[in-house]
Amino acid sequence: ALQAQPTVNFDDAVQGLAAATRATLGATGQLIVNGDRATVTLVAATPDALAQWLNVTRINAHSVPLEARLTRDASTASAIAPVTWSGTLLMSLPSK
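A short tour of the structure in this document, coming up.

The rules we used
- Residues numbered from 1 in each chain as written.
- Predicted model: local features only at pLDDT ≥ 70, side-chain atom pairs only at ≥ 80, totals over all residues.
- Heavy atoms only, no water.
- Pairing = 2+ DSSP bridges.
- Helix = DSSP H or I, 4+ residues; strand = E, 2+ residues; numbered from the N terminus.
- Axes fitted to C-alpha atoms, helices over the stretch in contact; angles between N-to-C directions.
- Contact = heavy atoms within 4.5 Å.

**A few points about the sheet that holds strand E2 (residues 37–45)**
Line of reasoning, step 1. Here four strands make up an open sheet; going across it, the order is E1-E2-E4-E3 and the pairing antiparallel. Taken across any chain shown, the strands that pair with only one partner, and hence form the sheet edges, are strand E1 (29–34) and strand E3 (65–73). On average, adjacent strands in this sheet sit at an angle of 10° to one another, irrespective of strand direction.
Line of reasoning, step 2. Bridge count for E3 against strand E4 (residues 84–92) is eight bridges, and the pairing is antiparallel. Bridge pairing in E4 places Leu70 opposite Gly87.
Line of reasoning, step 3. The sheet contacts of helix H1 (residues 10–25) involve E1 and E2, and relative to E1 the element is tilted by about 165°.
Line of reasoning, step 4. Here helix H2 (residues 47–60) sits on the sheet and contacts E2, E3 and E4; the angle it forms with E4, its principal contact strand, is near 10°.

**What to know about the environment of Asp36**
Line of reasoning, step 1. Take Asp36: it is sitting in the loop between E1 and E2.
Line of reasoning, step 2. For the pair formed by Asp36 and Leu93, sequence separation is 57 residues and the distance between their alpha carbons is 4.9 Å.
Line of reasoning, step 3. Apart from the residues within four sequence positions on either side, Asp36 is in contact with Phe10, Met91, Ser92, Leu93, Pro94 and Ser95.

Remember that the coordinates give geometry; whether it matters functionally is a separate question.
And the structure:
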């Protein structure tokens, strides 16, 4: 699917990744760009928000996880609040 789409340059990919992080993860996600990779730190992200974020970043920023270190925060789960995820994702970015 990504191969059929036009390529995205580095600046557009970073903007897309930042926009997706703000829009879908909000305060539960923090983005740090370092070279051709980005690290996203999650704190209590809901499964739905994380799934939506991964989809949006793949489509809009052409960024996919290279490494994921996530833990399931089962202790925060209740009947009204879902299980959440915390940890880091190392994301690919196009070369500059």
